[in-house]
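Single-letter residue listing:
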Amino acid sequence: MLDPNIRVLASGKGWLFAAYEDAYVLDWRTMVSVENLDASVEGARTLLVDFPDGIATINILHGAMKLPPPELRDYAQQKMLESPIGVRCHATALVERGFWASATRAAMTGLYMFQETPFPRRVFSEPREAITWSSSVLGHDAGWAGAVTRAVEQISDECELGSR
């Protein structure tokens, strides 16, 4: 059961996008699709209605997700560029361990260096690191980071249950 302060914005098999205050949490346990990429941008637009001063986007990636085909990668890049004004930062936590995960984080970091966006992006190995960084970008304190960390745990648990 999700805390009543967590608002689900979109969900499907293997993904759940939710908000806690001005944190937009996207939990991914499946490959990206046109449907969930479209939903990710619409969720940000929805949340910005309540938080016009800006939001933090926090992606949580689980498992050995395969690289999507080129046309879907292009679509994902297009969606990133369609992020509405007000997205203040974009954090990604790839929570897996091992060589594959480390190599993927390094590759993502490299791509982010060459892709221009109107907001900073960073890659992490732990959600807590992503949340702490997002908190500093938004100018929030440790209390916000702690509350968002608890919300992310609940969102991830809910997404895992829905993926079974």
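For the structure, check the block above.
Residues numbered from 1 in each chain as written. Predicted model: local features only at pLDDT ≥ 70, side-chain atom pairs only at ≥ 80, totals over all residues. Heavy atoms only, no water.

Participant: What should I look at first to understand the side chain of Thr57 in this one?
Facilitator: Turning to its location among the elements, Thr57 is positioned in strand β4 (residues 55-61). Under the relative-accessibility criterion, Thr57 is labelled buried at 7%. Excluding residues within four positions of it along the chain, Thr57 makes contact with Tyr24, Leu26, Val87, Cys89, His90 and Ala91. (Helix = DSSP H or I, 4+ residues; strand = E, 2+ residues; numbered from the N terminus. Buried < 20%, exposed > 50% of the residue type's maximum accessible area, 1.4 Å probe, protein only. Contact = heavy atoms within 4.5 Å.)

Participant: Looking at this structure, I do not really get the packing of aromatic side chains. What am I missing?
Facilitator: According to the stated counting rule, one finds four aromatic pairs in the structure shown. Residues Phe17 and Tyr24 carry aromatic rings whose centres are separated by 6.5 Å and whose planes lie at 80 degrees to one another, so their mutual orientation is edge-to-face. For the pair formed by Phe17 and Tyr24, the shared burial category is buried. Measuring from ring centre to ring centre gives 5.9 Å for Phe124 and Trp133, while their planes differ by 45 degrees; the resulting arrangement is tilted. Of the residues examined, Trp133 reaches a relative accessible area of 13% and is grouped as buried. (Phe/Tyr/Trp six-rings, centres within 6.5 Å; stacked < 30°, edge-to-face > 60°.)

Participant: How should I be thinking about the nonpolar core in this particular structure?
Facilitator: As a rule of thumb, soluble globular proteins bury nonpolar side chains together. If you look at the biggest cluster of nonpolar residues, it comprises 26 residues, and the most contacted ones within it are Ile6, Ile58, Ile131, Trp144, Val148 and Ile155. Counting residues per element, the ones that place at least two in this core are β2 (15-20), β3 (23-28), β4, β5 (87-94), α4 (127-138) and α5 (142-163). The element best represented in this core is α5, accounting for eight residues. If we ignore the near neighbours within four places in the chain, the residues touching Trp144 are Glu21, Asp22, Ala23, Ile131, Ser134, Ser135 and Leu138. Ranked by size, the runner-up nonpolar core spans 20 residues in total, among them Trp15, Tyr24, Ala44 and Leu94. (Core = buried A, V, L, I, M, F, W, Y, C linked by side-chain atoms within 4.5 Å.)

Participant: Mind showing me how you'd approach the pattern of salt bridges here?
Facilitator: Opposite charge on two side chains permits them to pair, given that their charged atoms come into close proximity. All told, the structure shown has three salt bridges when counted by the stated rule. A salt bridge links Asp50 to Arg7; its shortest N-O distance comes to 3.0 Å. Here Asp50, found in helix α1 (residues 34-50), pairs with Arg7, found in strand β1 (residues 6-12); they are 43 residues apart in sequence, far enough to count as distant. Of the charged contacts, one joins Arg45 and Glu42 as a salt bridge, the two residues approaching to 2.7 Å between their closest N and O atoms. Separated by three residues within a single helix, Arg45 and Glu42 lie in helix α1, roughly one turn from each other. (Salt bridge = Lys/Arg side-chain N within 4 Å of Asp/Glu carboxyl O.)

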